Amino acid sequence: MSNNFNEIRGNNGKVEAIETNLSGECLLLNPKLNKGTAFTREERIQFGLSGRLPNRVETIEEQSSRVFSVYSGIADNLEKSSYLYNLNETNTTLFYKVAEDHIEEVMPVVYTPVVGRSVQEFSKLWNQNRAVYIASEDIDRVDEILAQYTDGGYEIAIVTDGERILGIGDQGVGGVNISVGKLMVYTLCGGLNPSKALPVVLDVGTNSELLLNDKFYLGARHPRLKGDAYDAFIKKFVESFKKNLPQTLLHWEDFSGDNARKNLSLYRDKLCTFNDDIQGTAAVTLACVLSGIGFSGIDLKDHRVVLFGAGAAGTGIAYQICDAFTRFGMKEEEAFKMFYLVDRYGLIVEDMGSIQSYQKPFVRSRKEVDGWTLSDKNNITLLDVANNAKPTVIIGCSTVFGAFNEAVIKAMYKHCPRPIIMPLSNPDTKAEGKPADFIPWTDGNALIATGTPFKSVDYKGKNYVSSQCNNAFIFPGIGLGAVISKAKKITDNMFFAASIALRDYAKECKTCSENHQLLPPITEVKAINKKVTVAVIKQAIDDGVAGISADIDIEGEIEKRLWYPKYQPYRKV
Ligand code: NAI
């Protein structure tokens, strides 16, 4: 019996009861099994809980409403998030019930943007959680650490080294809250059973002086491992992960750009793994762009895309869009030529010194920009590009607050009646711009998706809702699809299939078509991820990487695996 309990499934394959050998205090202290005041009178007697709970037996709905009323009385978002994280560590089912009942309110608190603050305050606020901590000094014992989880039936592990958290940089061990929060999103938006989720932090040190000098810092207090030492650490971890958790998907999260790309390319064919910042972001952004292109009235081949901030997320997005355009019949070189990459030193042009290898296919020729009107030909600014290249799409992954200013957006709007504007940097203090400005600057014509959620905007008597280009629309479906299909690896086709499933859902969504919203409302996220899961499983089968039979009832299989926040009856063993 793993985790002290077994799921009992009925003839339809769905969970009908839980069998457990725990009782009394141990049962109440097990967050996966605790029902608190919802233990029935019979269960209280049978499991040694008499006298340990107040008299009244509540339903989960009553518990959820009581918890939410306390939560609503908390003014500060970080305190709200701590309250919910503590609930998750006491009664996981109730936590998910509250979160599901109030998904629009709770998602930004347990995940972006508030998770950024909980990461920053991690050491001060630390509470025991169920994460796995692997510090550099423990790497030679990694087998011993991971072997403890072998029998846990874990399906998805989110692994971070905390170096590039959201837009707030190196957060050391505090990055673990990103793994914890993102796994919550897997459950809330995809239906992953939370007891099959494993958050992991690779504590390879930190280069943040603030943390190194913070007397309360709880991580390994030394500079980050780098070069060969870092690579050797990751290699040992991945080898041990494959050995001890062979059925578990490894989801990489918030590594620095270089390490993210290196780790992904080294291991993506060796186990079932993906990097959400690179591949998940690119897949959801592609769906937004395709949805926007649909509304723009401009032919796909006539679009020009500016990418501001050509780092890990940005270039991942650019490659994914190019790949999609070639799937729609364009030549690869034509697709690359639709892009203008603007980074720290302006537009990336061929004779610049610091061009990264992954930026090279997008480099513009000097000859091409010679005819442009520029104030400084050695630093071609975003405004220069907006004026000269006449973009139809602008995507921001730079963490430069306010970069999509009035001059840039108006320059774009001058040439494009329905500009697609996507400031993706997180959190809101790093966003390149906000809908409340874009809407008036384009007289309500901008097609907007943002990285962080923004309030709707009232303008000239109309209410404008912008979509959040939220990976949550896609990564849970990719992860679950890979797990259910028992994929040996995750192919590019599987990501493309996920994007198309999301784009198609948006196309058929009434809210999207009536309001020219690029993505459906977050309240539909679970239904969307189900479609994504189906698409990913089908593609895994088509690509020959699935470990399940091709004639499986896919929808039935998904339905059996989905977890819902409700209490099951308990049986004693
Ligand atoms: P990164 O550090 O790899 O890339 C940032 C890039 O911006 C670098 O190439 C950097 O040189 C460039 N940059 C910095 N200052 C600049 C300036 N003044 N002008 C132009 N470029 C400048 O970081 P990464 O992983 O690409 O993330 C960037 C942002 O994208 C973060 O805020 C992150 O939260 C966000 N992101 C958003 C997602 C979403 O779905 N909304 C998902 C993943 C990342």
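Since we're looking at a predicted model, the values are computed, not measured.

(A) Geometry of the state of the cysteines. Enumeration according to the criterion identifies 0 disulfides in this entry. You can see C469 has no disulfide; the closest cysteine sulfur is in C288, sitting 3.8 Å from it. On the accessibility criterion, C469 (6% relative accessible area) is buried. Of all cysteine sulfurs, the one in C509 lies closest to C512, which takes part in no disulfide; the gap is 3.6 Å. A residue is classified by how much of its surface remains accessible, and C512, at 1% relative accessible area, is buried.

(B) Main features of the environment of Y149. Relative to the helices and strands, Y149 is located in the loop between helix 9 (142-147) and strand 4 (156-160). Counting along the chain gives 17 residues from Y149 to V132, while the straight-line C-alpha distance between them is 9.4 Å. For Y149, the residues in contact, after removing those within four places along its chain, are A131, V132, Y154, L198 and L245.

(C) The arrangement of the pattern of salt bridges in detail. Under the definition given, this model contains 38 salt bridges. E58 is the salt-bridge partner of R66, the closest N and O atoms lying 2.6 Å from each other. Of the charged contacts in the structure, one is a salt bridge between D504 and R503, with a shortest N-O distance of 2.9 Å. In this structure R503 comes out as buried when scored by relative accessible area, which is 17%. Linked by salt bridges that have partners in common, E7, R9 and K196 make up one network.

(D) The arrangement of the packing of helix 22 (residues 492-508) against helix 24 (residues 525-542) in detail. The N-to-C vectors of helix 22 and helix 24 enclose an angle of 145 degrees; their axes lie 8 Å apart at closest approach. The two elements helix 22 and helix 24 meet at a crossing, and its hand is right-handed. Contacts between helix 22 and helix 24 pair N493, M494, A497, A498, A501, L502 and Y505 from the former with A527, I528, K531, V532, A535, V536, Q539 and A540 from the latter. The residue inventory of the contact of helix 22 with helix 24, partitioned by class, reads 12 nonpolar, 2 polar and 1 charged.

(E) Just the packing of aromatic side chains, in detail. Counted according to the given criterion, the structure contains 20 aromatic pairs. Taking 6.1 Å as the distance between ring centres and 85 degrees as the angle between the ring planes, the aromatic pair formed by Y319 and F336 counts as edge-to-face. Here Y319, found in helix 15 (residues 312-327), pairs with F336, found in helix 16 (residues 332-337); they are 17 residues apart in sequence, far enough to count as distant. Members of the aromatic cluster, joined through ring pairs, are Y319, F336, F339 and F362. Looking at K35, its charged tip hangs above the ring of Y570, at a distance of 4.1 Å from the centre. Cation over ring: K80 sits above Y71, and NZ or CZ is 4.9 Å from the ring centre.

(F) How the structure looks around empty space enclosed by the protein. Within this structure, the stated rule accounts for 2 cavities of 30 Å³ or more. If you go around the largest cavity, the residues you meet are V119, Q120, E121, F122, S123, K124, Q171, G174, L211, D214 and Y217. Every element with two or more residues in the lining of the largest cavity is listed here: helix 7 (114-120) and helix 8 (122-125). Considering every element that reaches the lining of the largest cavity, the biggest residue donor is helix 8, with 3 residues. Split into classes, the residues belonging to the lining of the largest cavity amount to 4 nonpolar, 4 polar and 3 charged.

(G) Summary view of the site of the ligand. Around the ligand, 23 residues are found, and the nearest of them are R164, A312, A313, D343 and N471. Between G311 and the ligand, the recorded distance is 3.3 Å, taken from a backbone N or O atom to an oxygen atom. In the environment of the ligand, a nitrogen atom lies 3.1 Å from a nitrogen or oxygen atom belonging to the backbone of L424. Isolated, the ligand exposes 850 Å² of accessible area, and the fraction of that covered by the protein chains is 83%. Taken atom by atom, the bulk of the ligand overlaps the largest pocket. For the shell around the ligand, the element with the most residues is helix 15, which contributes 3 residues.

(H) Representation of the packing of helix 15 against helix 22. Relative to each other, helix 15 and helix 22 sit at 85 degrees, their axes nearing to 11 Å. Considered as vectors, helix 15 and helix 22 are oriented roughly perpendicular to each other. Listed contacts from helix 22 to Q320, A324 and R327 of helix 15 are D492, N493, F495, F496 and S499. Of the residues belonging to the contact of helix 15 with helix 22, the class tally is 3 nonpolar, 3 polar and 2 charged.

(I) Examining the nonpolar core more closely. Formed by 109 residues in total, the largest nonpolar core has its most connected members in Y186, L249, F339, I395, M422, I478 and I490. Sequence-distant contacts of Y186, defined by excluding residues within four places in its chain, comprise I156, I158, G191, L192, L249, H251, F274, F475, P476 and G479.

(J) View of the layout of surface pockets. Space inside the largest pocket adds up to approximately 1,200 Å³. Taken together, 49 residues make up the lining of the largest pocket; nearest its centre are R164, A312, A313, C397 and T399. If you list the elements that add at least two residues to the lining of the largest pocket, you get helix 13 (257-267), helix 14 (276-296) and helix 15. With 4 residues, the top contributor of residues to the lining of the largest pocket is helix 14. Estimates place the volume of the second largest pocket at around 680 Å³. For the second largest pocket, the lining is made up of 27 residues, of which E104, P453, F454, K455 and Q468 are closest to its centre.

(K) Seen up close, the sheet that holds strand 7 (residues 273-275). Pairing is parallel in the open sheet, where 5 strands are placed in the order 3-5-4-6-7. Whereas interior strands pair on both sides, the edge strands pair on one side only; in this sheet they are strand 3 (132-135) and strand 7. Strand-to-strand twist across the sheet, computed as the mean angle between neighbouring axes with direction ignored, equals 20 degrees. Strand direction decides the pairing type here: strand 4 and strand 6 (residues 249-252), joined by 4 bridges, are parallel. Within the sheet, the bridge partner assigned to I158 lies in strand 6 and is H251.

About the criteria used
Residues numbered from 1 in each chain as written. Predicted model: local features only at pLDDT ≥ 70, side-chain atom pairs only at ≥ 80, totals over all residues. Heavy atoms only, no water. Disulfide = S-S within 2.5 Å. Buried < 20%, exposed > 50% of the residue type's maximum accessible area, 1.4 Å probe, protein only. Helix = DSSP H or I, 4+ residues; strand = E, 2+ residues; numbered from the N terminus. Contact = heavy atoms within 4.5 Å. Salt bridge = Lys/Arg side-chain N within 4 Å of Asp/Glu carboxyl O. Axes fitted to C-alpha atoms, helices over the stretch in contact; angles between N-to-C directions. Left-handed = near helix turned anticlockwise from the far one by under 90°. Nonpolar A, V, L, I, M, F, W, Y, C, P; charged D, E, K, R; others polar. Phe/Tyr/Trp six-rings, centres within 6.5 Å; stacked < 30°, edge-to-face > 60°. Lys NZ or Arg CZ within 6 Å of the ring centre and 35° of its normal. 1 Å grid on protein atoms, 1.4 Å probe; cavity = no way out; pocket = protein on both sides within 12 Å on 5 of 7 lines; lining within 4 Å. Points joined across faces, edges and corners; volume = space filled by probe spheres on them. Near = heavy atom within 4 Å. Polar contact = N/O pair within 3.5 Å; in protein donor to acceptor, adjacent residues only side chain to side chain. Areas by Shrake-Rupley, 256 points an atom, 1.4 Å probe, with all protein chains shown as cover. Sits in = over half its atoms within 2 Å of the grid points. Parallel < 35°, antiparallel > 145°, perpendicular 65-115°, else oblique. Core = buried A, V, L, I, M, F, W, Y, C linked by side-chain atoms within 4.5 Å. Pairing = 2+ DSSP bridges.

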